[in-house]
Amino acid sequence: MGNYTVRPAEYGDEDSIAFVASQSWKHTYGSIYPQDVIKRFLSMAYSAESLHVSISSDSERTIRLFYVAIDSDHNMVGYSQSMPESGSYNSLELLRIYALPDSLGKGVGTALLNYLFQECPDAMSLSAWVEDRNATGRRFYERHGFTVQDEKYEDLFGYRTRQLKYCLTWHYRRIKFRD
């Protein structure tokens, strides 16, 4: 498993985040969503301006929640972004977590989750919506103890998709995830 440095996203990370997003979305969703849907989503959600706004908003938070993972060669290999649910850092929603395809299964996601829990010691729950045909994502959450608690249907640029809500809750102390 890899050794990664995780830190809050910074101005100047936009291009690297967009590159990881592009590679991971094509790998993860290439057989799930039509290519035009992927392209439209990436151009909207991962434009330099959109990422700049996300980093700016995150930098104003009491606790930063937009992180990047850097490998030993100083390359960005993954990122995650969360937000408090109902305005409280006790309950968090993981909005996105992705790694480069050749980094999957090498501990990038685990490093990002562990950093989130380190930065948010009062958190008692974490949830994430996952496309139901995203087998890689579902295995990741299930391996880390998340369970499906809800489902919903969404329209993504005219493409109907089923989302599953994965949740992880704990009551006392949180264990550190292992790769």
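Residues numbered from 1 in each chain as written. Predicted model: local features only at pLDDT ≥ 70, side-chain atom pairs only at ≥ 80, totals over all residues. Heavy atoms only, no water.

K.L.:
How should the pairing of strand 2 (residues 66-70) be read in this particular structure?
P.N.:
The side chains of a regular strand alternate, first on one face of the sheet and then on the other. Burial of strand 2 is extensive: five of the five residues sit out of reach of the surface. Where burial is concerned, the two faces of strand 2 agree: the one with F66, V68 and I70 and the one with Y67 and A69 are both buried. Strand direction decides the pairing type here: strand 1 (residues 5-8) and strand 2, joined by four bridges, are antiparallel. Its bridge partner lying in strand 2, T5 is registered against I70. Here five bridges tie strand 2 to strand 3 (residues 76-85), and the two strands are oriented antiparallel to one another. Residue A69 lies in a different strand from strand 3, and its bridge partner there is G78. (Buried < 20%, exposed > 50% of the residue type's maximum accessible area, 1.4 Å probe, protein only. Helix = DSSP H or I, 4+ residues; strand = E, 2+ residues; numbered from the N terminus. Pairing = 2+ DSSP bridges.)

K.L.:
Just checking my understanding: could you explain the state of the cysteines for this structure?
P.N.:
Linking two cysteines covalently through their sulfur atoms gives a disulfide. Per the counting criterion, the structure on display carries zero disulfides. Of all cysteine sulfurs in the structure, the one in C167 sits closest to C120, which takes part in no disulfide; the separation is 17 Å. Classification of C120 as buried rests on a relative accessible area of 1%. (Disulfide = S-S within 2.5 Å.)

K.L.:
What's the story with unusual backbone geometry in this structure? I'm lost.
P.N.:
Although it is not a glycine, H74 sits at a positive phi angle of roughly 70 degrees. Relative to the assigned elements, H74 resides in the loop between strand 2 and strand 3. Although it is not a glycine, F157 sits at a positive phi angle of roughly 50 degrees. Its place among the elements puts F157 in the loop between strand 6 (147-156) and strand 7 (159-169).

K.L.:
For this particular structure, what's the right way to read the pattern of salt bridges?
P.N.:
Two side chains with opposite charge may pair up if their charged atoms get near one another. Enumeration over the complete set of coordinates arrives at nine salt bridges. Residue D132 pairs with R133 through a salt bridge whose shortest N-O separation is 3.9 Å. We classify D132 as buried; its relative accessible area is 18%. Look at R133 and you get partly exposed, because its relative accessible area is 41%. Across the pair R162 and D132 runs a salt bridge, and its minimum N-O distance is 3.0 Å. Here R162, found in strand 7, pairs with D132, found in the loop between strand 5 (125-131) and helix 5 (135-143); they are 30 residues apart in sequence, far enough to count as distant. Salt bridges linked by common partners bring E131, D132, R133, E151 and R162 together as one network. (Salt bridge = Lys/Arg side-chain N within 4 Å of Asp/Glu carboxyl O.)

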